[in-house]
Amino acid sequence: MILLAVETSCDETSAAVICDGRVLSNVVSSQIKLHAEYGGVVPELATREHLRNWMPVTEAALQSAQVTAGQLDAVAATQGPGLPNALMIGFKAAQAFAFALRKPFVGVNHHEAHLYSPWISGNPPVADFASFQPNVSLIVSGGHTMLVHVRAELEHVVLGSTLDDAAGECFDKVAKLIGLPYPGGPEMDRLSVEGNPAAYDFPRPLLRETNDDFSYAGLKTSVRYFLQKNPTLLDDAQKLRDLCASVQAAIVETLVTKTIRASRRLGVKCVTASGGVTCNRSLRAELDKACQREGFTLRLADRSLCTDNAAMIGVLAERKLLKSTSATLLDAEIEPGWALG
Ligand code: KG4
Ligand code: ZN
């Protein structure tokens, strides 16, 4: 089966061609630079950029896969959740594509697709469903932080999510407080490498709670108060690095501890993680250490597939069609608030 997938839920315009679990192409046009001067994603600008980019990105994905539109067996797109107008561009364009080709269309839940990105690896990437195991999956991005129990392929239960800010949002907001450019996560990661994670003691929100929820708004606020009390701290480059490392340590500890605790409780032997924050070096290293200690298999999404991409949308859509999930209607609407069931 040859399938074209499109993703436009936030600030990445992406198209991918999937053939029998292999990612033949995955073109991503990121809008990070466009939104940087505003310190966050501006929905109206994102929509216009998707409008401009959808066609060239799709063309590039088909060309790089050496596939013509006539060879496609199906078309898929992100149906939700996401920014309404941004979603609309890719979803309606993909539906029109399927309509013109008289091929089935699949609308995909963006978060469900993240659950499968850790299973795409290699070069060219192949979806490794042969070694698929029941797992606890951490999805951690700028918009979302959630833990999901994936009991079997296409069968999952959401265990918990953030009660307020997402982990990536916390990285970005703290970075803004200390004057780092947007998006702040990668900058804090870079500065933390030479910082002391034990220099300052920041709260680990909900760490002692037995639920699987997260909360990061309080951590950001405590950094603000800390800076008010220590107004000259940022003048010292080493203290700035120590601050970054200490905040990062608080975020990483809560993510790792809660993921491992849920995995133990549910008796799964495999942990997976995806989403932009999964690029973070300390998170990758600490998850690795914890999983080795517990004897768990760890599947981290490849760095190139941590952030939003159409490859994960296409791989999931193909599995859905193969498992005879019925196609999505061509007049179906976007679902901007589509919560993972
Ligand atoms: O998944 P993503 O590209 O977009 C959505 O939010 O959906 O994730 C972007 C988030 C941003 O908050 C960014 O700061 C964070 O991921 N991020 C990182 C790193 N790379 C990206 N956070 C910490 N360390 C990183 N290396
Ligand atoms: Zn995402």
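**Some words on the site of ligand 1**
Thought 1: If you check the shell around ligand 1, you find 17 residues, and the closest are Gly142, Asp172, Asp189, Gly276 and Asn280.
Thought 2: For ligand 1, an oxygen atom lies 2.6 Å from a polar atom in the side chain of aspartate 172.
Thought 3: Contact between ligand 1 and asparagine 280: a nitrogen atom at 3.0 Å from a side-chain N or O atom of the residue.
Thought 4: With the chains in place, 88% of the 550 Å² that ligand 1 exposes on its own is no longer accessible.
Thought 5: Counting residues per element, the ones that place at least two in the shell around ligand 1 are helix H5 (167-177) and helix H6 (184-192).
Thought 6: Here the shell around ligand 1 is composed, by residue class, of 5 nonpolar, 9 polar and 3 charged.

**Things to note about unusual backbone geometry**
Thought 1: Looking along the chain, the bond that leaves glycine 80 and enters proline 81 is cis, with omega of -10°.
Thought 2: Secondary-structure assignment places proline 81 in the loop between strand E4 (74-80) and helix H3 (84-101).
Thought 3: In the Ramachandran plot, glutamine 66 falls in the positive-phi region, its phi being about 55° despite a non-glycine side chain.
Thought 4: Along the chain, glutamine 66 turns up in the loop between helix H2 (43-65) and E4.
Thought 5: Located in the positive-phi region is leucine 206, a residue other than glycine, with phi close to 60°.
Thought 6: In this fold, leucine 206 is placed in the loop between H6 and helix H7 (217-229).
Thought 7: A relative accessible area of 22% places leucine 206 in the partly exposed class.

**Examining the nonpolar core**
Thought 1: Core analysis: the largest hydrophobic core is formed by 43 residues, its most contacted members being Phe202, Leu243, Ile251 and Leu255.
Thought 2: For this core, the element with the highest residue contribution is helix H8 (residues 237-266), accounting for 11 residues.
Thought 3: Setting aside residues no more than four positions away along its own chain, isoleucine 251 makes contact with Ala167, Cys170, Phe171, Tyr216 and Leu219.
Thought 4: With 32 residues, the next largest nonpolar core counts Ala76, Ile313, Val315 and Leu321 among its residues.

**Comments concerning the pattern of salt bridges**
Thought 1: Under the counting rule described, the total for this entry stands at 15 salt bridges.
Thought 2: Its salt-bridge partner being arginine 151, residue glutamate 155 comes within 3.4 Å of it at the nearest N-O pair.
Thought 3: The partly exposed category is assigned to glutamate 155, whose relative accessible area is 38%.
Thought 4: Lysine 173 is paired through a salt bridge with aspartate 165; the nearest N and O atoms lie 3.3 Å apart.
Thought 5: When its relative accessible area of 31% is taken as the criterion, lysine 173 is described as partly exposed.

**Side note on the domain arrangement of the protein chain**
Thought 1: Assigned domains of the protein chain: these are domain 1 (2-125 + 305-322) and domain 2 (133-301).
Thought 2: Taken together, the contact pairs 22 residues of domain 1 with 27 residues of domain 2.
Thought 3: Contact with domain 2 buries surface across domain 1, with Leu115, Trp119 and Cys306 losing the most and accounting together for 34% of the total.
Thought 4: Between arginine 319 and glutamate 153 there is a salt bridge, with the nearest N and O atoms lying 2.8 Å from each other.
Thought 5: Summed over the shared surface of domain 1 and domain 2, the result is 7 residue pairs in polar contact (both at pLDDT 80 or more).
Thought 6: Secondary-structure elements contributing two or more residues to the side of domain 1 that touches domain 2 are helix H1 (32-36), helix H4 (110-116), helix H10 (303-306) and helix H11 (310-322).
Thought 7: Among the elements that take part in the side of domain 1 that touches domain 2, H4 stands out by supplying 5 residues, more than any other.
Thought 8: Its residues assigned to classes, the side of domain 1 that touches domain 2 shows 10 nonpolar, 8 polar and 4 charged.

Reading the values: the criteria
Residues numbered from 1 in each chain as written. Chains lettered and ligands numbered in written order. Predicted model: local features only at pLDDT ≥ 70, side-chain atom pairs only at ≥ 80, totals over all residues. Heavy atoms only, no water. Near = heavy atom within 4 Å. Polar contact = N/O pair within 3.5 Å; in protein donor to acceptor, adjacent residues only side chain to side chain. Areas by Shrake-Rupley, 256 points an atom, 1.4 Å probe, with all protein chains shown as cover. Helix = DSSP H or I, 4+ residues; strand = E, 2+ residues; numbered from the N terminus. Nonpolar A, V, L, I, M, F, W, Y, C, P; charged D, E, K, R; others polar. Buried < 20%, exposed > 50% of the residue type's maximum accessible area, 1.4 Å probe, protein only. Core = buried A, V, L, I, M, F, W, Y, C linked by side-chain atoms within 4.5 Å. Contact = heavy atoms within 4.5 Å. Salt bridge = Lys/Arg side-chain N within 4 Å of Asp/Glu carboxyl O. Domains from an automatic or database assignment. Buried area = accessible area lost by both parts, 1.4 Å probe.

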